[in-house]
Amino acid sequence: MKTEKELRTCDKGHNYYKSSDCPTCPTCEQERKPESGFLSLLSAPARRALEHNGIQSLQQLSSYSEKEILQFHGIGPASLPTLRTALKEYGLSFKN
Ligand SMILES: [Zn+2]
């Protein structure tokens, strides 16, 4: 018995084939991960501090230096190793 794969297009216009009725687009799934992923590692105050400053992705985070990040209300030095590791995982780093 062969599995029927159906061509689908997601909201963002990515084309993909899925055999199940799972509606998740693999491209969007990939793009979404770094964003929600690193924020969920943080404490609530640290997460709010980043979101308050418009940082929702690692790409945005990497445009700040550690010094700048520490000035955000809610971010302590304890949050830095987590952020540093998250950035490194995606080949990014804090601004120098
Ligand atoms: Zn998509």
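Residues numbered from 1 in each chain as written. Predicted model: local features only at pLDDT ≥ 70, side-chain atom pairs only at ≥ 80, totals over all residues. Heavy atoms only, no water.

J.: An account of the pairing of strand E2 (residues 15–18) is needed here, citing residue identities and associated values.
T.: Pairing of strand E1 (residues 6–9) with E2, which is carried by four bridges, proceeds in the antiparallel orientation. Residue leucine 7 lies in a different strand from E2, and its bridge partner there is tyrosine 17. Here E1 hands over to E2 after five residues, with glycine 13 in that stretch at a positive phi of 90°. (Pairing = 2+ DSSP bridges. Helix = DSSP H or I, 4+ residues; strand = E, 2+ residues; numbered from the N terminus.)

J.: Describe in detail helix H2 (residues 44–52), supporting the description with residues and values.
T.: Because each turn of an α-helix spans 3.6 residues, side chains separated by three or four positions end up pointing in the same direction. Within H2, the full set of buried residues consists of Ala46, Ala49 and Leu50. Down the axis of H2, the buried set is contained in an arc of 95°. They therefore lie on one face. H2 presents Arg48 and His52 as exposed residues on the side facing more than 90 degrees away from its buried surface. With its phi angle positive at about 80°, glycine 54 sits one or two positions after the end of H2. (Buried < 20%, exposed > 50% of the residue type's maximum accessible area, 1.4 Å probe, protein only. Arc of directions from axis to C-beta.)

J.: Report on helix H5 (residues 80–89), specifying residues and quantitative values.
T.: Taken together, the buried positions of H5 are Leu80, Leu83, Ala86 and Leu87. One side of H5 holds all its buried residues, which, seen down the axis, span an arc of 130°. Opposite the packed face of H5, turned more than 90 degrees from it, sit the exposed residues Lys88 and Glu89. Following H5 by one or two positions, glycine 91 has its phi on the positive side, about 70°.

J.: So what about the packing of aromatic side chains? Which residues, and what values?
T.: Tallied over the entire structure, the rule returns one aromatic pair. Residues tyrosine 64 and phenylalanine 72 carry aromatic rings whose centres are separated by 5.6 Å and whose planes lie at 75° to one another, so their mutual orientation is edge-to-face. Take tyrosine 64: its relative accessible area is 24%, and that puts it in the partly exposed class. Residue classification places phenylalanine 72 among the buried positions, given a relative accessible area of 12%. (Phe/Tyr/Trp six-rings, centres within 6.5 Å; stacked < 30°, edge-to-face > 60°.)

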